[in-house]
Amino acid sequence: MPAALGGKFPQFCRAPRVYKTLPITLWEISSESARKCAGAVLDLSDHGLRVVTGKALQQGQLVSVLLSETGMCFKRCRVIWTRPFRRSQLSEAGLEVLR
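What you are looking at is a predicted structure, and each value in this text was computed from that prediction instead of being measured.

1. Section: the pattern of salt bridges
Enumeration according to the criterion identifies six salt bridges in this entry. The salt bridge partner of Glu92 is Arg50, with a shortest N-O separation of 2.7 Å. Separated by 42 residues along the polypeptide, Glu92 in strand β6 (residues 91-97) and Arg50 in strand β3 (residues 48-53) bring together distant segments of the chain. Two residues, Arg83 and Glu92, come together in a salt bridge whose shortest N-O distance is 3.2 Å. In the salt-bridge network here, residues are joined through shared partners; they are Asp43, Arg50, Arg83 and Glu92.

This is the structure:
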């Protein structure tokens, strides 16, 4: 994380967010393999979503996300930021939907 942020995450939101918890399936897109993990959306907008997973993601990583409840699929997303989720073993991440 850049030192200029002082340990805080800036507001990257370009559109209003909908706060709704939805189950997701997330696939890591890499040259070696496409590993799958489960998670949940915490909130979403037209441009991105905030998710929590049991798998630590890396900033800049590309992933595919399937919203399990709706079947709506974000073809590709880029991980913008990550941090531990509360005081658990889970990881929280902000994803940008790639058009």
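Let's pick the thread back up.
2. What to know about the side chain of Asp43
Mapped onto the elements of the fold, Asp43 is located in strand β2 (residues 36-44). One polar contact links Asp43 to Arg50, side chain to side chain, over a distance of 2.8 Å. Each residue touching Asp43, except ones within four places of it in the same chain, is listed here: Arg17, Val18, Tyr19, Lys20, Leu49 and Arg50.

Cut-offs used in this document
- Residues numbered from 1 in each chain as written.
- Predicted model: local features only at pLDDT ≥ 70, side-chain atom pairs only at ≥ 80, totals over all residues.
- Heavy atoms only, no water.
- Salt bridge = Lys/Arg side-chain N within 4 Å of Asp/Glu carboxyl O.
- Helix = DSSP H or I, 4+ residues; strand = E, 2+ residues; numbered from the N terminus.
- Polar contact = N/O pair within 3.5 Å; in protein donor to acceptor, adjacent residues only side chain to side chain.
- Contact = heavy atoms within 4.5 Å.

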